[in-house]
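Residue strings, one per chain:
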Amino acid sequence: AGPSLKVISTMSVGFDHLALDEIKKRGIRVGYTPDVLTDATAELSVALLLAACRRLPEAVEQVKTGGWTTWKPLWMCGHGLLGSTVGIIGLGRIGQAIARRLKPFGVRRFLYTGSGPKPECAAEFGADFVPLAKLAEESDFVVVTCALTPATQGMCNKDFFSRMKKTSVFINTSRGAVVNQEDLYDVLANGQIAAAGLDVTVPEPLPTDHPLLSLKNCVVLPHIGSATYATRSTMAVLAADNLLAGLRGDPMPHELLL
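As a convention, each chain's residues are numbered from 1 in the sequence order in which they are written. Only residues with pLDDT of at least 70 get local features here, since the model is predicted, and only at 80 or more are side-chain atom pairs given and counted; chain-wide, interface and lining totals rely on the full set of residues. Note that the side-chain values use all heavy atoms of the structure and ignore hydrogens as well as water.

For the protein chain, the name recorded in an unreviewed UniProt entry is Glyoxylate reductase/hydroxypyruvate reductase, with Heliornis fulica as its organism.

Following this line, the structure appears as C-alpha cells:
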C-alpha cells in the first residue's frame, strides 16, 4: 500500500503479527478487537484443560481402534480439578474469565503471576500473587493467558518445566512463542509433567510431522480460542467499525495505542 496506508484493522485481540515499529514510524492507526472474545477463549481454555487432564482425545482414539475392552481400575485415568491448585500466568480479562469458570470445579487455590499484583481482580478468587518459579512448583494446572512481549517470549522453558510436578498439566491459549516447544516436548516425552494442551504454536499451522503431534499426552488445537459463530461475527463488525472510524479520522471503538 506504500505511503497511502493510513489505517490497519485486525480482527484479533493479538497484534504480534503486525510490524509495530514500522507502523509507529509511519503514524498508521491500528484497530483491534479485545474484550469481545474473552468469554469464548475462556470456554475453550477450560475445554482444552479438561481434554488434556482427562485424556479425552486419547480415550476417543481407544474407542475407535479397539482399545476399549474389559474394565480395568486404572485404565485411562487422568487428573481432576477437585482440591487442586491452579496457576494462571497473566490475570487479565481472559485469565480472570478462566478462573471464574474453574472455581465451581472445586479448585482449592488459585495462584497468579504477571507484571505486578492485581489485588482487586484477584480478590474474587482469593488468588495469591507469586513469582513465576513458585507458581510452577505449586500448581497442579498451569494456564498461560499472558500477552507476548519481549519479557514473556520463551518464558515457559526447561527451567520452568523442571519445577513443575510430575502430575501437573500445562495449558497455553495465549501465544505460541511464550513456550519453548523443544523443552516442552522433552518434559512430556520423559514424563516430567503429565500432559499439555496447546491452542497456539510456533509456527501456525504446526507441521503435521512436528514432534509434539507424536505425543499421546499433548493435545494441540488449531488456534480456535475465539471460534464461536457469535464471537467471530462480533469481531468482524468491530473490525469494520474500527476501520471506518479510522478512515473518517474519528475515535475508533478499540484503537491500539502505540
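A separate point is the UniProt feature "domain: D-isomer specific 2-hydroxyacid dehydrogenase NAD-binding" (unreviewed entry) in the protein chain. When the UniProt feature table is mapped onto this chain, "domain: D-isomer specific 2-hydroxyacid dehydrogenase NAD-binding" (unreviewed entry) is found at residues 46-225. Numbered from the N terminus, helices here are DSSP runs of H or I no shorter than four residues, and strands are runs of E no shorter than two. Counting secondary structure, residues 46-225 comes out at 30% helix and 15% strand; the distance between its end C-alpha atoms is 10 Å. UniProt positions are given in the numbering used here, feature names are shortened, and annotations may be inferred rather than shown by experiment.

Between two cysteines, a covalent bond joining their sulfur atoms is known as a disulfide. For this text, the term disulfide refers to a pair of cysteine sulfurs within 2.5 Å. Scanning the entire structure with this criterion turns up zero disulfides. Of the cysteine sulfurs around cysteine 53, a residue in no disulfide, the closest is that of cysteine 77, at 12 Å. Summary of cysteine pairing: cysteine 156 is not part of a disulfide, and the nearest cysteine sulfur, belonging to cysteine 146, is at 6.9 Å. With a 1.4 Å probe rolled over the protein chains alone, any residue whose accessible area is under 20% of its type maximum counts as buried; one over 50% counts as exposed, and the rest are partly exposed. With a relative accessible area of 0%, cysteine 156 lands in the buried category.

Glancing now at the domain arrangement of the protein chain. Domain extents, as shown, originate in an automatic or database domain assignment. Along its sequence, the protein chain is organised into domain 1 (7-32 + 228-256) and domain 2 (37-66 + 76-220). Computed over C-alpha atoms only, the centres of domain 1 and domain 2 are separated by 29 Å. Note on contacts: a residue pair qualifies if any of its non-hydrogen atoms lie within 4.5 Å across the two residues. Facing six residues of domain 1, the contacting portion of domain 2 comprises five residues. Accessible area that two parts lose when put together, with a 1.4 Å probe and added across both, is what the buried area reports. Together, Val13, Asp16 and Thr231 form the three largest contributors to the area buried by domain 1 at its contact with domain 2, with a combined 67%. The salt bridge involving aspartate 16 is made with arginine 175; its shortest N-O contact spans 2.7 Å. Here a polar contact is taken to be a pair of N or O atoms separated by no more than 3.5 Å, where protein atoms must pair a possible hydrogen donor with a possible acceptor and residues adjacent in sequence count only if both atoms sit in side chains. Across the domain 1-domain 2 interface, the total number found is one residue pair in polar contact (both at pLDDT 80 or more). Salt bridges are defined by distance alone: a side-chain nitrogen of Lys or Arg within 4 Å of a carboxyl oxygen of Asp or Glu.

The next subject is the UniProt feature "domain: D-isomer specific 2-hydroxyacid dehydrogenase catalytic" (unreviewed entry) in the protein chain. When the UniProt feature table is mapped onto this chain, "domain: D-isomer specific 2-hydroxyacid dehydrogenase catalytic" (unreviewed entry) is found at residues 3-255. With 35% helix and 13% strand, residues 3-255 has end C-alpha atoms that lie 20 Å from one another.

So, about helix 4 (residues 93-102). Across the 10 residues that make up helix 4, a large majority, seven, are buried. Close packing links the buried residues of helix 4 with helix 2 (38-53), strand 3 (85-89), strand 4 (109-113), helix 5 (119-122) and strand 6 (141-144).

Following DSSP output, two strands are said to pair if at least two bridges run between them. With parallel pairing, seven strands are arranged side by side in an open sheet as 5-4-3-6-7-8-9. A single partner strand is all that each edge strand has here, and the edge strands are strand 5 (128-129) and strand 9 (218-220). The sheet contact formed by strand 3 and strand 6 spans four bridges and is parallel. Looking at strand 6, one finds that glycine 87 is bridged to valine 142.

Our focus in this paragraph is a nonpolar patch on the surface. Two distance rules govern patches: like charges are joined within 9 Å, and nonpolar side chains (Val, Leu, Ile, Met, Phe, Trp, Tyr) within 5 Å, applied only to residues with over 30% relative accessible area and no salt bridge. Only the protein chains shown count as cover for residues, and all accessible areas are computed by the Shrake-Rupley method using a 1.4 Å probe. Where nonpolar side chains cluster on the molecular surface, the patch consists of Val63, Trp68 and Trp75 and spans about 340 Å² of accessible area. With respect to the helices, strands and loops of the structure, tryptophan 75 is situated in the loop between helix 3 (56-65) and strand 3.

Side-chain alternation along strand 7 (residues 169-172) places Val169 and Ile171 on one buried face and Phe170 and Asn172 on a second face that is also buried. Both strand 6 and strand 7 contribute to a ladder of four bridges, which runs parallel. Of the residues in strand 7, the one forming a bridge with valine 142 is phenylalanine 170. Looking down the strands as they point away from you, a crossover is right-handed if its path from the first strand over the helix to the second goes clockwise. Taken together, strand 7, helix 8 (residues 181-189) and strand 8 (residues 195-198) constitute a β-α-β crossover, and its handedness is right-handed.

Residues Ala195 and Gly197 of strand 8 are buried on one face, and the alternating residues Ala196 and Leu198, pointing to the opposite face, are buried as well. Pairing geometry for strand 7 and strand 8, over four bridges, is parallel. Residue pairing across strands places asparagine 172 opposite leucine 198, the latter belonging to strand 8. Two elements, strand 8 and strand 9, share three bridges in a ladder whose sense is parallel.

Okay, unusual backbone geometry next. Most of the time, phi is negative for any residue but glycine, and the peptide bond is trans. Residue proline 203 is bonded to the preceding valine 202 through a cis peptide linkage, with omega at -5°. Note that proline 203 resides in the loop between strand 8 and strand 9. Residue proline 205 is reached from glutamate 204 by a cis peptide bond, and omega for that bond is -5°. Looking at the element boundaries, proline 205 is found in the loop between strand 8 and strand 9. A positive phi angle, near 70°, is found at aspartate 35, a position not held by glycine. You can see aspartate 35 is positioned in the loop between strand 2 (29-31) and helix 2. A positive phi angle, near 60°, is found at arginine 55, a position not held by glycine.

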